[in-house]
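What follows is the residue order along each chain.
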Amino acid sequence: MNSCAHPDLRRPEPAPSRRRQYALQRQSMRAQRVFCVAVARLALRSLYRELQLYPKPGLVSLVDTGSHTDMDATTFMRSLFALRHYFIRITQAGIDGAEFAVLRQLGIDAEQTMLRATAGINTHRGAIFSLGLLCASAGYCHGRGISLSAAAIRATLLIQWGDALSRHMQEAASTSHGKQVAQHYAVSGAAEEAALGFPSLFELALPRFLQTLNAGRGYESAAIDTLFALMAHISDTNTYHRGGLDGAEKVKNWARQFLDAGGSAAENWREHAISCHMAFIRDKLSPGGAADLLAATYLLHGLSYLR
Ligand SMILES: CC(C)(COP(=O)(O)OP(=O)(O)OC[C@H]1O[C@@H](n2cnc3c(N)ncnc32)[C@H](O)[C@@H]1O)[C@@H](O)C(=O)NCCC(=O)NCCS
Ligand SMILES: Nc1ncnc2c1ncn2[C@@H]1O[C@H](COP(=O)(O)OP(=O)(O)OP(=O)(O)O)[C@@H](O)[C@H]1O
């Protein structure tokens, strides 16, 4: 029977043998593993790039510990290394279309892993949450042949886990610094950002990052502009916790001034950023939420190049 015969008369394709089925399954599992490892590497590289960036107001870098006395770059490196399996696992959970409860448990386990690696210091709590969700979303897209564009990753996050994230936001433990601050100052934090599909990341940080890159000023400048744009815009529970309303306003004002002066396009931007760093150290301010979202920006940008 040739291929021109009526479709109903064509001989059906023989079902692959059990051995062949097994081989195909193993091949697909291997391809998934390669993808998950690539995404996890990107997540770790994004966190490392954030750590490496300097000057970064009040934050820990390879140069100094900013406003922090309980952690340095080594603490961050130990935490980073310990989190490598987490990012692989949460990407795989995304491929599997796992429920939010599964992601949540992976996140809770990762927090424990981080605390063991750092002897109880919170280096990456926000990043475990935000970057973890993005990895899961990228995994879900990959598993269904959807491109890893920023728009697809955001839509997936909201469609797959949006409802659960809204519930999570209301239920999250009231003992955390973030929750205490959110209740006291009536501001939102990481959980609210996630429930809304990270508007600050997709609508502010990534466009700003690309704008500076497209202006030809390179990755360092793009990261600096993005960090200050985030500092000027988000309600960062870290800054409220450390400096109250005044501290949070101070962070926003410094950031706005830096951006109004031209950001990384200004000739003296580095001196300006270092003055801001010193002022934050004096007031013990540290915009950790903005730092997390900068790492998330690096990750999103990297994912768009992943095949
Ligand atoms: C929702 C989380 C972040 C807890 O948030 P909460 O505000 O209650 O706690 P906490 O004060 O520790 O803040 C967490 C961190 O978020 C970052 N952050 C602060 N503000 C913001 C903001 N506006 N946007 C993004 N990140 C922010 C900071 O780095 C901060 O340290 C999360 O840790 C959590 O619920 N973990 C449980 C595990 C889980 O459910 N994981 C989900 C799948 S990964
Ligand atoms: N380079 C960085 N330096 C400092 N914090 C960062 C950096 N990058 C990200 N962060 C985020 O900031 C948070 C740590 O901030 P902080 O130490 O103020 O939190 P805390 O443990 O809630 O408060 P405290 O130390 O005052 O008890 C982490 O959750 C982390 O995700």
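Residues numbered from 1 in each chain as written. Chains lettered and ligands numbered in written order. Predicted model: local features only at pLDDT ≥ 70, side-chain atom pairs only at ≥ 80, totals over all residues. Heavy atoms only, no water.

By the naming in an unreviewed UniProt entry, the chain goes by triphosphoribosyl-dephospho-CoA synthase and is assigned to Collimonas arenae. The Catalytic activity (unreviewed entry) field of the UniProt record for the chain holds the comment "3'-dephospho-CoA + ATP = 2'-(5''-triphospho-alpha-D-ribosyl)-3'-dephospho-CoA + adenine". (UniProt positions renumbered as here; feature names shortened; annotations may be inferred.)

Draft legend 1. Seen up close, the overall build of the chain. A count of helical and extended segments in the chain gives 13 helices and 0 strands. For the chain, the sequential pattern of α-helices and β-strands runs α-α-α-α-α-α-α-α-α-α-α-α-α. Projected onto its principal axes, the C-alpha positions of the chain cover 80 × 45 × 35 Å. For the chain, buried positions account for 50% of its 307 residues. Taking contacts inside the chain between residues at least 6 apart in sequence as the whole, the part at least 24 apart equals 72%. When the accessible surface of the chain is totalled, it reaches about 15500 Å², and 51% of it is carbon and sulfur. Averaging the coordinates of the 32 positive side-chain charges in the chain and doing the same for the 25 negative ones gives two points 11 Å apart. (Helix = DSSP H or I, 4+ residues; strand = E, 2+ residues; numbered from the N terminus. Buried < 20%, exposed > 50% of the residue type's maximum accessible area, 1.4 Å probe, protein only. Contact = heavy atoms within 4.5 Å. Areas by Shrake-Rupley, 256 points an atom, 1.4 Å probe, with all protein chains shown as cover. Lys, Arg positive; Asp, Glu negative; His and termini not counted. Charge placed at Lys NZ, Arg CZ, Asp CG, Glu CD.)

Draft legend 2. Molecular detail of the side chain of Thr-75. Mapped onto the secondary structure, Thr-75 falls in helix H2 (residues 73-82). Beyond its immediate stretch of four places on either side in the chain, Thr-75 contacts Thr-118, Ile-121 and Thr-123.

Draft legend 3. Region of the structure containing the site of ligand 2. Close to ligand 2 lie 21 residues; Glu-50, His-177, Asn-238, Arg-242 and Asp-292 are nearest. For ligand 2, a nitrogen atom lies 2.9 Å from a polar atom in the side chain of Glu-50. Val-60 has a polar backbone atom sitting 3.0 Å from a nitrogen atom of ligand 2. In isolation ligand 2 has 630 Å² of accessible area, and contact with the protein removes 86% of it. (Near = heavy atom within 4 Å. Polar contact = N/O pair within 3.5 Å; in protein donor to acceptor, adjacent residues only side chain to side chain.)

Draft legend 4. Summary view of the layout of surface pockets. By volume, the second largest pocket is sized at about 160 Å³. Residue lining of the second largest pocket: Gly-97, Ala-98, Glu-99, Phe-100, Ala-101, Arg-104, Gln-160, Trp-161, Ala-164, Arg-167, His-168 and Glu-171, and that is the complete set. Elements with a contribution of two residues or more to the lining of the second largest pocket: helix H4 (100-117) and helix H6 (150-171). Looking at the lining of the second largest pocket element by element, the count peaks at 6 residues for H6. (1 Å grid on protein atoms, 1.4 Å probe; cavity = no way out; pocket = protein on both sides within 12 Å on 5 of 7 lines; lining within 4 Å. Points joined across faces, edges and corners; volume = space filled by probe spheres on them.)

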